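Commentary on secondary and tertiary structure
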Amino acid sequence: MKLETLKDLYIHELKDLYSAEKQIIKALPKMAKAATNAQLAAGFEEHFEQTKEHAVRLEKILTAHDESTRGPKCEGMEGVIKEGEEMIEEDAEDEVRDAGLIAAAQRVEHYEMAGYGCARTYAELLGDQHGVQLLQTTLIEESDTDKRLTKLAKSVINVAAK
């Protein structure tokens, strides 16, 4: 797909985010299983359900623009997830691995927040108010997840790993 207009870039970004979300949907159950802290595992499971809704929102936006979800694989997310998978395999104490899983999950969240922020801005400029609303909702959820991970890390996980 040749990117000639902001709308082309917007659709490209939406498809990239969709690919990222689909990869995250596959990765989160593995992270939940690897987590030894019950709160962390529950948080991964909760975000798994939320992530499925994020993909549905992207499908709605793309459908509204007569576009499919098919596009290239998000290689950035692939790399971030690979790092998380490596943390699962590390020879580490349980508490230290949990701290590493939080760091990996926060990398995912920050990558997503960057993408959703850009896509929301494109939607605003293009007058796609429905897209703005859906993207902003997801952006808030991603930010809230990041904040919960930080709180859990500071209050429990990193303290136990120390």
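Structure: see above.
Conventions used here
Residues numbered from 1 in each chain as written. Predicted model: local features only at pLDDT ≥ 70, side-chain atom pairs only at ≥ 80, totals over all residues. Heavy atoms only, no water. Helix = DSSP H or I, 4+ residues; strand = E, 2+ residues; numbered from the N terminus. Rg over C-alpha atoms; globule rule 2.2 N^0.38 Å. Buried < 20%, exposed > 50% of the residue type's maximum accessible area, 1.4 Å probe, protein only. Contact = heavy atoms within 4.5 Å. Areas by Shrake-Rupley, 256 points an atom, 1.4 Å probe, with all protein chains shown as cover. Lys, Arg positive; Asp, Glu negative; His and termini not counted. Charge placed at Lys NZ, Arg CZ, Asp CG, Glu CD. Salt bridge = Lys/Arg side-chain N within 4 Å of Asp/Glu carboxyl O.

**A few points about the overall build of the chain**
Within the chain, the secondary structure is distributed over five helices and zero strands. Here the C-alpha radius of gyration of the chain, 17 Å, is about what a compact globule of 162 residues would show, namely 15 Å. Counting only C-alpha atoms, the chain reaches 50 × 25 × 20 Å along its principal axes. The buried share of the chain, reckoned over its 162 residues, is 48%. Put simply, of all contacts in the chain between residues at least 6 apart along the chain, 78% involve residues at least 24 apart. Counting every atom, the chain has about 8,800 Å² of accessible surface; 52% of that belongs to carbon and sulfur. Here the chain carries 21 positive and 32 negative side-chain charges, and the mean point of each set is 1 Å from the other.

**Brief notes about the side chain of E109**
Note on placement: E109 falls in helix 4 (residues 94-126). Although E109 is buried, it forms no salt bridge, and the closest oppositely charged side chain is R148 at an N-O distance of 7.9 Å. With near-sequence residues (within four places) excluded, E109 lies in contact with H47, E142, T145, D146 and L149.

**Things to note about the environment of G76**
With respect to the helices, strands and loops of the structure, G76 is situated in helix 3 (residues 75-89). Looking at G76, the relative accessible area reads 28%, which means it is partly exposed. Measuring from C-alpha to C-alpha, the distance between G76 and A20 comes to 8.2 Å, with 56 residues separating the pair along the chain.

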